[in-house]
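# Results of the structural survey
Each chain, written out:
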Amino acid sequence: MTKRMRNVAISGIGQTRHRGHREDVNMVELVSEAVEAVLEDSKMDLKDIDCIVHGNMELFEGVHQPDMWHVLGDGAYGKAGFRITTGGTTGATIVCSADHLVASGMYDSVLAIGWEKQEEGMTTTGITNMADPLWEREIQTGAITGTHGVMMMNKFGEPANQAAAEFRVLMADNARKNYKAHLRIEITRKDVLASRVLAWPLRLLHMCPESNGACAILFVSEKLAKKLPQKPVWMHDHVTVHRQETFDLVNMGDLDTHGEAARVLYARNGILDPMKQVGVFEMYDPQSWWALDWLGKFLMLENGEQIEMILNGDFAIDGKFPVNPSGGVVSSNPIGATAIIRVAEAALQIRGNAGEHQVPKDVNLAMSTGFGGTFWTVLHLLGAEKPDK
Amino acid sequence: MYTTDKLPLDQKDCFGKFGLMSIPYRYFAGLFLSEAMIALRDDKKILGAKCEKCDKVYVPPRSRCEKDFSKITELVEVGPEGTVEEITVVNYEEEYFKKFCSMLDPPYTMALIKLDGASTKLLHRIPGDKIKRGDRVKPKWAADDKREAMITDIEYFEKV
Ligand SMILES: [Zn+2]
């Protein structure tokens, strides 16, 4: 157990519908929608919120300091606040920050907002500037890579190919139950395997879309949580692990940041069997080949057991260990919001009011992850009961 | 002797890369604010957004009141005349700006102008350096075929 000055609860969740096109609103208006939704969900009066933590990807919309601009419509007027931008993990890091701000006693209520309006910029603009200007920037590509797919194919052969495709089909099935998801498509394993190759064995249907969307979560002290109508979801723990910021191509295969995060989180929280003790897992899956590899890393499956489990349907909403009931990142990816959506979806499952994609059981513990940069991971653990209980 | 005493170093021995970052973007005004931009282009009208709750009229318009978080749904015509409230004089041409933005020939005045009926001030420019606070000004519209639903549809403001 980590040391916590005081308990922190999620008492409100707001999301936009994540869409490929949102020409009908500007950036500020998109964020306003999520803020309006979280105020409605929590019944919190905006004037009682102490601090706003705001985040998205650097350079993606080409706007410098969007957090300042967004004061026009995110409710931050006259409040404390700052911006966090840690690449793909941004949404998860905002949550770490909001948790710290409330746990420390500095604020009683913090609103965390992650957003992205990807149609307004060009993903590669931001991402390529992460690489070393002399050694890498002119040579590298963007976020599309088949590396881990090749590794999985070399290790497990055709069953891995079938499982990656089947997991993508499961995400589509789940997304069709989630009104807020961007891609709510009807696909079969055959469709996935027939879609065009981006970087073998990664195919078009394995890859996430570019979405526009925002997500806001209200974090409050225990005292305040008791006054608010929603069932509180308690913050238990979070672990951030990263190895480097430049690409270490030599050791790419050994980058076990996910496994390291999981080992630390499980050890600190008495988790011996994650699939028994944790009820649902919202994993940041930018593509299905990564999902296939990372399920093994996060769940401590050393011999590719996840392949069999996927083909068995064990990760389905009504399966043994539900993963991404929301449809995951391959179904919606407004990047700055993506990792906070994982936390929001995990919290909704604990509350029990996720809607059509609610898992059919009581969820006591839920995990969510954020992913970005050169294998950064942020792993969150949430619970139905207070962590000190 | 410290290395810092010899700066700058010869680029032959101490390599530096000089690049240009290009950031492509599209910006969507949204349905509500588009009406105001289109009014500039098609009708030479300046619209502000009026908050029903606090009566504030925002120019440039916006769809949320930053103070009370109300959704704003009403656009009202303001100006076209207004009063100069704050000024600064631009005396130099900036090469980079000149390349990417439209500029007037210096010296010219940058001004915050409170248009009649608005609660906030609009940033624009006025030719010359003889402008004073309190001066009354009106917009000089760009030609019909030059207006493209941007603030530059008003070329500049000039004394009434
Ligand atoms: Zn107002």
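Worth saying up front: this structure is predicted, and the values here are computed from it rather than measured.

Turning our eyes to something else, we now look at the sheet that holds strand β8 (residues 233–241) of chain A. Residues and elements named next belong to chain A. On the basis of which strands lie adjacent, the open sheet formed by nine strands has the order β3-β2-β4-β7-β1-β8-β11-β10-β9 and mixed pairing. Every other strand in the sheet has two partners, leaving β3 (80–83) and β9 (280–282) as the edge strands with one partner each. Taking each pair of neighbouring strands and ignoring which way they run, the sheet shows an average axis angle of 25 degrees. In this structure, β9 lies alongside strand β10 (residues 365–372), joined through three bridges in parallel fashion.

The subject of this paragraph is the domain arrangement of chain A. Often the size quoted for an interface is simply the accessible area lost on bringing the parts together. All names here are of chain A. For chain A, the assigned domains are domain 1 (8–123 + 211–225) and domain 2 (124–208 + 235–383). Each of domain 1 and domain 2 has a C-alpha centre, and the two are 23 Å apart. With 43 residues of domain 1 in contact, the opposing surface of domain 2 contributes 36 residues. Here domain 1 packs against domain 2, burying approximately 3,100 Å² in sum over the two surfaces, 64% of which is carbon and sulfur. Together, Q15, R17 and H18 form the three largest contributors to the area buried by domain 1 at its contact with domain 2, with a combined 18%. Inspection of the domain 1/domain 2 interface yields one salt bridge.

Attention shifts here to the environment of A112 of chain A. Residues and elements named next belong to chain A. Relative to the helices and strands, A112 is located in strand β4 (residues 109–117). Taking the C-alpha atoms as reference, A112 lies 21 Å from G373; in sequence the two are 261 residues apart. Ignoring sequence-local partners within four residues, the contact set of A112 consists of V53, I94, A98, C215, A216, I217, F219 and I340.

All right, on to the packing of helix α5 (residues 147–156) of chain A against helix α11 (residues 288–298) of chain A then. Residues and elements named next belong to chain A. α11 packs onto α5 with a crossing angle of 55 degrees between their chain directions and a minimal axis gap of 8 Å. Relative to α11, α5 is oriented oblique. For the crossing formed where α5 meets α11, the hand is left-handed. Two secondary-structure elements touch here, α5 through H148, G149, M152 and M153 and α11 through W289, W290, L292 and D293.

Between chain B and chain A, the contact holds 21 residues from the first and 32 residues from the second. Taken together, the two surfaces of chain B and chain A that pack against each other cover about 2,200 Å², and 60% of this comes from carbon and sulfur. Between chain B and chain A we count two salt bridges in total. A salt bridge links E36 of chain A to R64 of chain B, with the nearest nitrogen and oxygen atoms 3.1 Å apart. Counting every contact that joins chain B to chain A gives 10 residue pairs in polar contact (both at pLDDT 80 or more). Class assignment for the residues of the side of chain B that touches chain A results in 12 nonpolar, three polar and six charged.

Before going further, it helps to examine the pattern of salt bridges. On inspection of all chains with the given rule, the structure shows 34 salt bridges over all chains. Of the charged contacts in the structure, one is a salt bridge between R22 of chain A and E33 of chain A, with a shortest N-O distance of 2.7 Å. Of this pair, R22 of chain A sits in the loop between β1 (8–15) and α1 (27–42) while E33 of chain A sits in helix α1; the two residues are 11 residues apart in sequence, bridging distant segments of the chain. Classification of R22 of chain A as buried rests on a relative accessible area of 9%. The shortest N-O distance in the salt bridge between D256 of chain A and R263 of chain A comes to 3.3 Å. A relative accessible area of 24% means that D256 of chain A is categorised as partly exposed. Salt bridges linked by common partners bring E85, E86, K121 and R133 of chain B together as one network.

Another point: empty space enclosed by the protein. Residues and elements named next belong to chain A. Scanning the model with the defined rule gives two cavities of 30 Å³ or more in all. As for the largest cavity, its lining consists of Q15, H18, N178, A181, S326, G328, S332, I341, R342 and E345. Among the elements that line the lining of the largest cavity, the one with the most residues is helix α13 (residues 335–351), at three residues. For the lining of the largest cavity, the residue count by class is two nonpolar, six polar and two charged. Taken as a whole, the second largest cavity spans an internal volume of roughly 30 Å³. Considering the residues around the second largest cavity, the lining is formed by H148, L255, D256, T257, H258, D293, W294, K297 and F375. Elements represented by at least two residues in the lining of the second largest cavity include exactly α9 (257–268) and α11. Per-element accounting of the lining of the second largest cavity gives the leading share, three residues, to α11. For the lining of the second largest cavity, a count of residues per class yields three nonpolar, three polar and three charged.

The rules behind these values
- Residues numbered from 1 in each chain as written.
- Chains lettered and ligands numbered in written order.
- Predicted model: local features only at pLDDT ≥ 70, side-chain atom pairs only at ≥ 80, totals over all residues.
- Heavy atoms only, no water.
- Pairing = 2+ DSSP bridges.
- Helix = DSSP H or I, 4+ residues; strand = E, 2+ residues; numbered from the N terminus.
- Axes fitted to C-alpha atoms, helices over the stretch in contact; angles between N-to-C directions.
- Domains from an automatic or database assignment.
- Contact = heavy atoms within 4.5 Å.
- Buried area = accessible area lost by both parts, 1.4 Å probe.
- Salt bridge = Lys/Arg side-chain N within 4 Å of Asp/Glu carboxyl O.
- Parallel < 35°, antiparallel > 145°, perpendicular 65-115°, else oblique.
- Left-handed = near helix turned anticlockwise from the far one by under 90°.
- Polar contact = N/O pair within 3.5 Å; in protein donor to acceptor, adjacent residues only side chain to side chain.
- Nonpolar A, V, L, I, M, F, W, Y, C, P; charged D, E, K, R; others polar.
- Buried < 20%, exposed > 50% of the residue type's maximum accessible area, 1.4 Å probe, protein only.
- 1 Å grid on protein atoms, 1.4 Å probe; cavity = no way out; pocket = protein on both sides within 12 Å on 5 of 7 lines; lining within 4 Å.
- Points joined across faces, edges and corners; volume = space filled by probe spheres on them.

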